[in-house]
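Structure assessment
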Amino acid sequence: MSVNKNLLDFINRSPTPFHAVKNMRTELVKHGFKELRESESEKLEPSGQYFVVRNNSSLVAFRVSDKGSMVGVRMVGAHTDSPCLKLKPNAVVEHDGYVQLGVEPYGGVLMNPWFDRDLSLAGRVTLMSTDKILFSRLIDFETPIAFIPSLAIHLDREANSGRKVNPQTMLPPVVGLSGTDKFNLKQLILDKLVDSQLAKKTDVVSDFELSLYDTNPAAIIGLDEAFIAGSRLDNLVSCWIGLKALIDSSSVDTQLLICNDHEEVGSGSFAGARSDLLESVLVRLVGDAAKFSSVMSRSLLVSADNAHGLHPNFLEKHDQSHGPVLNAGPVLKFNANQSYATNSETAAILNLAARNKNIPMQSFVSRSDIGCGSTIGPLTSTRLGVKALDVGIPTFGMHSIRELAGARDLDALYSLLCGLFELPSIEVA
Ligand code: CO
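Residues numbered from 1 in each chain as written. Predicted model: local features only at pLDDT ≥ 70, side-chain atom pairs only at ≥ 80, totals over all residues. Heavy atoms only, no water.

Here we look at the overall build of the protein
- From N to C terminus, the protein includes eleven helices and 20 strands.
- For a compact globule of 429 residues, the expected C-alpha radius of gyration is about 22 Å, and the protein comes in at 22 Å, within 12% of that figure.
- For the protein, the spread of C-alpha atoms along the three principal axes comes to 75 × 60 × 35 Å.
- Relative to its full complement of 429 residues, the protein shows a buried share of 51%.
- Across the protein, the fraction of contacts at a sequence separation of at least 24, relative to all contacts at a separation of at least 6, is 76%.
- By element, 51% of the accessible surface of the protein is carried by carbon and sulfur atoms, the whole surface being about 19200 Å².
- On the protein, the mean spot of the 41 positive side-chain charges and the mean spot of the 48 negative ones are 3 Å from each other. (Helix = DSSP H or I, 4+ residues; strand = E, 2+ residues; numbered from the N terminus. Rg over C-alpha atoms; globule rule 2.2 N^0.38 Å. Buried < 20%, exposed > 50% of the residue type's maximum accessible area, 1.4 Å probe, protein only. Contact = heavy atoms within 4.5 Å. Areas by Shrake-Rupley, 256 points an atom, 1.4 Å probe, with all protein chains shown as cover. Lys, Arg positive; Asp, Glu negative; His and termini not counted. Charge placed at Lys NZ, Arg CZ, Asp CG, Glu CD.)

Right, here's the structure in full:
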C-alpha cells in the first residue's frame, strides 16, 4: 500500500499539534475506535479499540488483545510538535507604517529558511461567551497573511558568509500596513471563527496559542518521484504511519500508539512524554496495579522519529561507517550515552520484524565529536521500565521549515511497524 497521498493530506491539514490530533481523532473514529475521557473510568472490552486525548495535542490510541488477558503491550511512540515560530501574547507591533507580529521560537528552529515564505497562522484559541463560559476552538487562516523578508544582499554584503539571525529583531513577520485604527488581532481571530461558524460575534477572544507555518504544501518531488518535501516531516510522518499501522494491523498482543506534544522542548508538560499520560492509560489497561511491572517487562516501545540522512554536501558531518541513505530503509538509532533507547536485544527484535517483511534496515550513530538529539524513547522507557528502541526514516534538513525524506521509506516504515505489531513474540531468551 502507498501511504504517500494520505500522508501529504495529513501534513497539509495539520499545521499545529492541535490540528494533527484532531485529524488523527477523525481517522480513529472512522475506523471504529472509541474516545475515552480521562475523567471517566469505563471498562475496557477484549478486542476493544480506544483512544484518549490530552490538551488537544497529545493522543494515546490502543487495541486491547482479543484474549482480554494482558500479556504485554506493543507500543509505537511519536511526537505531534515541530519547531516553529509562535506568536507572543501581545503580538502586534506597529511602527514606521507597518504591522508586524512578535514571535518566539519554539524548539530548535533552523531559522534561516523561515525568510521569504508565504506564511499563515494556525493554532488554538480560548474564548469566553456572554454568560462567562470558556471554550477552545482550533483556527487556521489557511491563506498567506505574513512574510519575513530577507535583507537585500546590497544592504548586507556579508550575508552569504556569516549572517547570524537574531530572533527578537529579525523574525517578526510583516502582516500589513498601519491604518488610522490600531490593528486588532483578537478581532481578526474572532471574525475568522465567526465566518467558520465556530464562535458567535458576542464571544470574546481571551487567549491564544498561534504559530506561523509555510502555506507551500507538502509534495512528492524529484526524478522518479523519489522524495517527499514538506514542513513538519519531523514528526508528523511517524504519527501518521504509526496510526495507519495500528489501524491496519491484526491483533496479537495489545497494541498502542502514543503521540506526545512538546518533544521539541524537552517533553516537560502535562501532555509531554515526562507526564503521566501514557502511564495512566496503561494502568487502566492493565487493570491491576500489582500486575503493572510484570506487563511492562513483557512490553516493547518503538520510538519512531526521523533520523539524519547522509547529506552528500556535508559528508564530513557523518560517521563514515554509519551514513543512512534516503530510500534505503528505516534507520535504527544508537547512542552509547542513552540519548536513544536502542540496545542489542531491542534492535534484534525490530530487525527480525524487518526480515519477515523484507525491509532493508540502516543504522545511525553520530560522530563522536558531534552531539546527538534525543526522542521520547529514552524518557518513556525510563519512566515505565519498558524495553525500547529508536527508529525513523532518514531525512535532510531536520527542523527546517521544509524537510526532505525518501518517498519509498514511508512504505517501508509502515510495513515495519505493522510487522512489529504483528510479530508473534518479542521475547529474547
Ligand atoms: Co523529532
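Notes on the domain arrangement of the protein
- In terms of domain boundaries, the protein breaks down into domain 1 (2-82 + 231-421) and domain 2 (84-214).
- If you average the C-alpha positions of domain 1 and of domain 2, the two centres end up 31 Å apart.
- With 20 residues of domain 1 at the interface, the matching set in domain 2 holds 20 residues.
- Both sides together, the interface formed by domain 1 and domain 2 hides about 1600 Å², and carbon and sulfur atoms give 61% of it.
- Taken together, the links from domain 1 to domain 2 amount to zero salt bridges.
- One can count seven residue pairs in polar contact (both at pLDDT 80 or more) joining domain 1 with domain 2. (Domains from an automatic or database assignment. Buried area = accessible area lost by both parts, 1.4 Å probe. Salt bridge = Lys/Arg side-chain N within 4 Å of Asp/Glu carboxyl O. Polar contact = N/O pair within 3.5 Å; in protein donor to acceptor, adjacent residues only side chain to side chain.)

Details of helix H6 (residues 233-248)
- When the terminal C-alpha atoms of H6 are compared, their 22 Å separation across 16 residues agrees well with the 22 Å that a helix rising 1.5 Å per residue should span.
- Along H6, 15 of the 16 residues are buried, which leaves the element largely enclosed by surrounding structure. (Expected span 1.5 Å × (residues − 1).)

What about the side chain of Thr16?
- Along the chain, Thr16 falls in the loop between helix H1 (4-12) and helix H2 (17-30).
- Of the polar contacts made by the side chain of Thr16, one reaches the side chain of His19; its length is 2.7 Å.

Digging into the packing of aromatic side chains
- On inspection of all chains with the given rule, the structure shows two aromatic pairs.
- Seen from their ring centres, Phe10 and Trp240 are 4.7 Å apart, and the 25° between their planes marks the pair as stacked. Here the residue Phe10 occupies a position in helix H1, and Trp240 occupies one in helix H6, the gap between them amounting to 230 residues.
- Judged by its relative accessible area of 0%, Phe10 is buried.
- Relative to Phe62, the ring of Tyr50 lies with its centre 5.6 Å away and its plane at 35°, an arrangement referred to as tilted. With Tyr50 in strand E2 (residues 49-54) and Phe62 in strand E3 (residues 58-63), the pair connects residues that are twelve residues apart, well separated along the chain. An identical accessibility class is assigned to Tyr50 and Phe62; each is buried.
- Over the face of the ring belonging to Tyr106 we find Lys86, whose NZ or CZ atom lies 4.3 Å from the ring centre.
- Taking the ring centre of Phe115 as reference, the NZ or CZ of Arg163 above it sits at 4.4 Å. (Phe/Tyr/Trp six-rings, centres within 6.5 Å; stacked < 30°, edge-to-face > 60°. Lys NZ or Arg CZ within 6 Å of the ring centre and 35° of its normal.)

Observations concerning helix H11 (residues 407-422)
- Look at H11: 24 Å from first C-alpha to last across 16 residues, which is about the 22 Å you get at 1.5 Å a residue.
- By the criterion of burial, H11 is predominantly enclosed, with twelve of the 16 residues buried.
- For H11, the complete set of buried residues consists of Ala407, Asp409, Leu410, Ala412, Leu413, Tyr414, Leu416, Leu417, Cys418, Gly419, Leu420 and Phe421.

Considerations on the packing of H2 against H6
- Where H2 contacts H6, the axes come no closer than 11 Å and their chain directions differ by 15°. The orientation of H2 with respect to H6, classified from their angle, is roughly parallel. When the axes of H2 and H6 are compared, the crossing they make is right-handed. Together, Ala20, Met24, Glu27 and Leu28 of H2 and Leu236, Cys239, Trp240, Leu243, Lys244 and Ile247 of H6 make up the contact between the two elements.
- In terms of residue class, the contact of H2 with H6 is made up of eight nonpolar, no polar and two charged. (Axes fitted to C-alpha atoms, helices over the stretch in contact; angles between N-to-C directions. Parallel < 35°, antiparallel > 145°, perpendicular 65-115°, else oblique. Left-handed = near helix turned anticlockwise from the far one by under 90°. Nonpolar A, V, L, I, M, F, W, Y, C, P; charged D, E, K, R; others polar.)

Considering the coordination of the cobalt ion
- Binding of the cobalt ion to the protein goes through His79 (NE2), Asp234 (OD), Asp305 (OD) and Asp305 (OD), at separations of 2.0 to 2.6 Å.
- Angles of 52 to 133° at the metal separate the four donor atoms of the cobalt ion, which places the site in the irregular class.
- Within one chain, the residues serving as donors to the cobalt ion are arranged as H-x154-D-x70-D. Residue Asp234 is located in helix H6, and its partner Asp305 is located in the loop between strand E14 (300-304) and strand E15 (307-308); the two are separated by 71 residues in the primary sequence. (Donors = N, O, S within 2.8 Å, 3.2 Å for Na, K, Ca; no water. Tetrahedral: all angles 85-135°; square planar, octahedral: opposite > 155°, others 65-115°.)

Points about unusual backbone geometry
- Put simply, Asp234 and Asn235 share a cis peptide bond, and its omega is 15°.
- Mapped onto the fold, Asn235 is located in helix H6.
- Of note in this structure, Glu142 is not a glycine but carries a positive phi near 65°.
- Of note, Glu142 is situated in the loop between strand E8 (134-140) and helix H3 (159-162).

Describing the pairing of E3
- With six of six residues buried, E3 is to be regarded as a mostly interior element.
- In terms of strand pairing, E2 meets E3 through six bridges, oriented antiparallel. Along E3, the bridge assignment pairs Tyr50 with Phe62.
- The antiparallel hairpin formed by E2 and E3 contains three residues in its connecting segment, where Asn55 sits at a positive phi of about 60°.
- Here E3 runs beside strand E13 (residues 254-260); their pairing, made up of five bridges, is antiparallel. (Pairing = 2+ DSSP bridges.)

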